[in-house]
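# Commentary on secondary and tertiary structure
Next come the chains, spelled out residue by residue.
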Amino acid sequence: MTELTDNLLQLFCIFICGGHSCIAAVRIRSYNRLLVSLFYLSFGMGLAYWVLYLILFGTSPLVFCVSELSWTASYIFLALRLYADMPKEKQKEKAVFWILPVFSLAMCIFFYTRGSYFENILMGTAMGVLGYYAVKGICLAKIRNRSEKPLIFYAALFFYAAEYILWISSYFITKNIFVNPYYLVDILILNPALILIAVAQSREEKLCRTT
Amino acid sequence: MPYNIENIFICLAAPFLIAALGTNAGNRKNYLFIVLGFVCCIISAYLNTFFSALYNAQDTYAVLEISPVIEETVKLLPLLFGLIVFELCPEDGGNIIFNIAVGFATFENICYLLENGTGNLFYLFVRGFSSGAMHITCAFIIGYGLRVFRRPAALRAAGIFGLLCVAITFHATFNMLMKTDGMIKQLGYAIPIVSCIILLLLKAPFRKLTASK
């Protein structure tokens, strides 16, 4: 029941943010908005599959987790959204860009002890790419002294951190009670991170229109 | 009723292959890719059996967690081959994936009819439209993706993989709803048709959006 409540709340958040992004993408014909909509769509579909499975079969998927494929797709779409804002001229690579991909690799090896190799590699790679572009975008904005903050990169970084905190918290405590850190992180950190991405995208579009 | 899918394939593919010989280039491509859809369905059936045995998955779990992954991936392989080897434009890629989806859905429906009989017309009507619409919706997802993710190649590969994952989840959700009874099952029948209509309505705005990119 606790897991279901948590997931339904998250599904509601995604439905609102995704619906708003989708309408905005069609109205203002924004490619970046389309990518954010795809992010919400794939995240929401993964979550919907998980919730339906829980409701109809009373357990989580046993053989192969289709939801994880959908969540991996959402990380890819968010990374593609960040990539769309990258300067097209060649940039000098810095060691700091690789901090999060290395962290993702370490976490991937850590999570091998539980879960399948295939799913860990997929999710670890997608998260590594997402982290790489988030840090790169923030660093390049600082180097270029942009007056406005690159909010979408900060939002993606927050989302990246929220996901890892969530996975780590679920690793150690598996009890199905409301005070389980997993549910607290899911409700209090991941949901705001999901909302923040839509807010950051809206703000960037507003700035683009005013400048 | 026991049946042999290879024999069904030969029977179904023969008219298409003969017609392909005597028609113009545009139609020939369509016929060949529909036959390729039949082939994809057979390969999926083999792979489903293999992986179900490998993971020791029971019937329900195989339908929910293994077959969507295999079927959507196998359907995408001919398109990937075309994109890599012939560098197809998005319009051609869209046509290919649609023809493959149509061939796949047709062959799957025929196998279903042989297994379950043709007694209940209303049920077959609803089932035929919804499972057909499900495969077409998955083709829509990939077809739209080809327009969004064009260049560079890495971006295109990542985008298509992402959309493949979305198509797999959609397919798996449909299969899950089909495994239930009552109201939820009826809702499951409606979902692919509604999704197909929504995607058709979004076609024009989507074309403008990708053209403005």
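Residues numbered from 1 in each chain as written. Chains lettered and ligands numbered in written order. Predicted model: local features only at pLDDT ≥ 70, side-chain atom pairs only at ≥ 80, totals over all residues. Heavy atoms only, no water.

This brings us to the overall build of chain B. If you tally the helices and strands in chain B, you get 8 helices and 0 strands. Ordering the α and β elements of chain B from the N terminus gives α-α-α-α-α-α-α-α. Taken over the C-alpha trace, chain B has a radius of gyration of 18 Å; the compact-globule value for 213 residues is 17 Å, and the two agree within 12%. Along the first, second and third principal axes, the C-alpha set of chain B runs to 50 × 45 × 35 Å. The burial tally for chain B puts 50% of its 213 residues in the buried class. For chain B, long-range pairs separated by at least 24 residues make up 71% of all intrachain contacts whose partners lie at least 6 apart in sequence. Carbon and sulfur atoms provide 70% of the accessible area of chain B, an area that totals close to 10,500 Å². Seen as two clouds, the 14 positive and the 11 negative side-chain charges of chain B have centres 14 Å apart. (Helix = DSSP H or I, 4+ residues; strand = E, 2+ residues; numbered from the N terminus. Rg over C-alpha atoms; globule rule 2.2 N^0.38 Å. Buried < 20%, exposed > 50% of the residue type's maximum accessible area, 1.4 Å probe, protein only. Contact = heavy atoms within 4.5 Å. Areas by Shrake-Rupley, 256 points an atom, 1.4 Å probe, with all protein chains shown as cover. Lys, Arg positive; Asp, Glu negative; His and termini not counted. Charge placed at Lys NZ, Arg CZ, Asp CG, Glu CD.)

The next point concerns the interface of chain A and chain B. Counting from both sides, the interface comprises 31 residues of chain A and, opposite them, 36 residues of chain B. Between chain A and chain B, roughly 2,900 Å² of surface is buried when both sides are summed, and carbon and sulfur atoms account for 84% of that area. Counting every contact that joins chain A to chain B gives 0 salt bridges. Inspection of the region where chain A meets chain B yields 3 residue pairs in polar contact (both at pLDDT 80 or more). (Buried area = accessible area lost by both parts, 1.4 Å probe. Salt bridge = Lys/Arg side-chain N within 4 Å of Asp/Glu carboxyl O. Polar contact = N/O pair within 3.5 Å; in protein donor to acceptor, adjacent residues only side chain to side chain.)

This paragraph deals with the confidence of the model for chain A. For chain A, mean pLDDT is 86; residues scoring 70 or higher make up 93% of the total. The lowest-confidence element of chain A is helix α7 (residues 181-210) of chain A, averaging 84 in pLDDT; the highest-confidence one is helix α3 (residues 66-84) of chain A, averaging 92. (pLDDT = per-residue confidence, 0-100.)

Pairs of packed helices are described in terms of their axes, by the angle between the two and the distance that separates them. All names here are of chain B. At a minimum axis distance of 4 Å, the contact between helix α7 (residues 183-201) and helix α8 (residues 203-211) shows a crossing angle of 45°. As summarised for this structure, α7 and α8 are arranged oblique, according to the angle between their axes. Mapping the contact onto sequence places Leu199, Leu200 and Leu201 in α7 and Lys203, Ala204 and Pro205 in α8. (Axes fitted to C-alpha atoms, helices over the stretch in contact; angles between N-to-C directions. Parallel < 35°, antiparallel > 145°, perpendicular 65-115°, else oblique.)

What follows covers the confidence of the model for chain B. Summary statistics for chain B give a mean pLDDT of 86 and a share of 98% for residues scoring 70 or more. Of the two predicted TM-score estimates for the complex, the pTM is 0.91 and the ipTM is 0.90.

Take α8 of chain B next. Those residues of α8 of chain B lying buried are Phe206, Leu209 and Thr210 of chain B. Down the axis of α8 of chain B, the smallest arc covering the buried residues is 90°, so these residues share one side. Considering only its buried residues, α8 of chain B is in contact with α1 (2-28) and α2 (31-57) of chain A together with α5 (121-148) of chain B. (Arc of directions from axis to C-beta.)

Here the focus is a nonpolar patch on the surface. Residue and element names in this part refer to chain B. A surface patch of nonpolar side chains, amounting to about 520 Å² of accessible area, comprises Phe125, Phe129, Ile193, Ile197 and Leu201. Of all the secondary structure elements, the ones that give two or more residues to the nonpolar patch are α5 and α7. Looking at the nonpolar patch, the element that brings in the most residues is α7, giving 3 residues. As for its placement among the helices and strands, isoleucine 193 is situated in helix α7. Relative accessible area serves as the criterion here: at 33%, isoleucine 193 is assigned to the partly exposed category. (Patch = residues over 30% accessible without salt bridge, like charges linked within 9 Å, V, L, I, M, F, W, Y side chains within 5 Å.)

Take the packing of aromatic side chains next. Counted according to the given criterion, the structure contains 32 aromatic pairs over all chains. An angle of 45° between the planes, with centres 5.0 Å apart, marks the rings of tyrosine 53 of chain A and phenylalanine 57 of chain A as tilted. One end of the pair, tyrosine 53 of chain A, and the other, phenylalanine 57 of chain A, are both in helix α2, 4 residues apart, so they sit about a helical turn from each other. Judged by relative accessible area, which is 0%, tyrosine 53 of chain A ranks as buried. Directly above the aromatic system of phenylalanine 104 of chain B lies the positively charged group of lysine 75 of chain B, at a separation of 5.3 Å from the ring centroid. Here arginine 127 of chain B stacks its cationic end above the ring of tyrosine 112 of chain B, 3.9 Å away from the centre of that ring. (Phe/Tyr/Trp six-rings, centres within 6.5 Å; stacked < 30°, edge-to-face > 60°. Lys NZ or Arg CZ within 6 Å of the ring centre and 35° of its normal.)

Below, the discussion takes up helix α3 (residues 59-86) of chain B. Residue and element names in this part refer to chain B. Compared with an ideal rise of 1.5 Å per residue, which puts 28 residues at 40 Å, α3 spans 39 Å between its outermost C-alpha atoms and is within 8% of the ideal. The principal kink in α3, of about 45°, is found at isoleucine 66, preceding the proline proline 68 by one to four residues. Glutamate 87 lies just past α3 and shows a positive phi near 45°. (Expected span 1.5 Å × (residues − 1). Bend = angle between axes of the 7 residues up to and from the residue.)

Tyr40, Tyr75, Phe77, Phe159 and Ile197 of chain A together with Phe107 and Phe149 of chain B are the most contacted members of the largest nonpolar core, which totals 125 residues. Apart from the residues lying within four places of it in its own chain, the contact partners of isoleucine 197 of chain A are Val36, Phe39, Tyr40, Leu78, Ile152, Ala155 and Phe159 of chain A. (Core = buried A, V, L, I, M, F, W, Y, C linked by side-chain atoms within 4.5 Å.)

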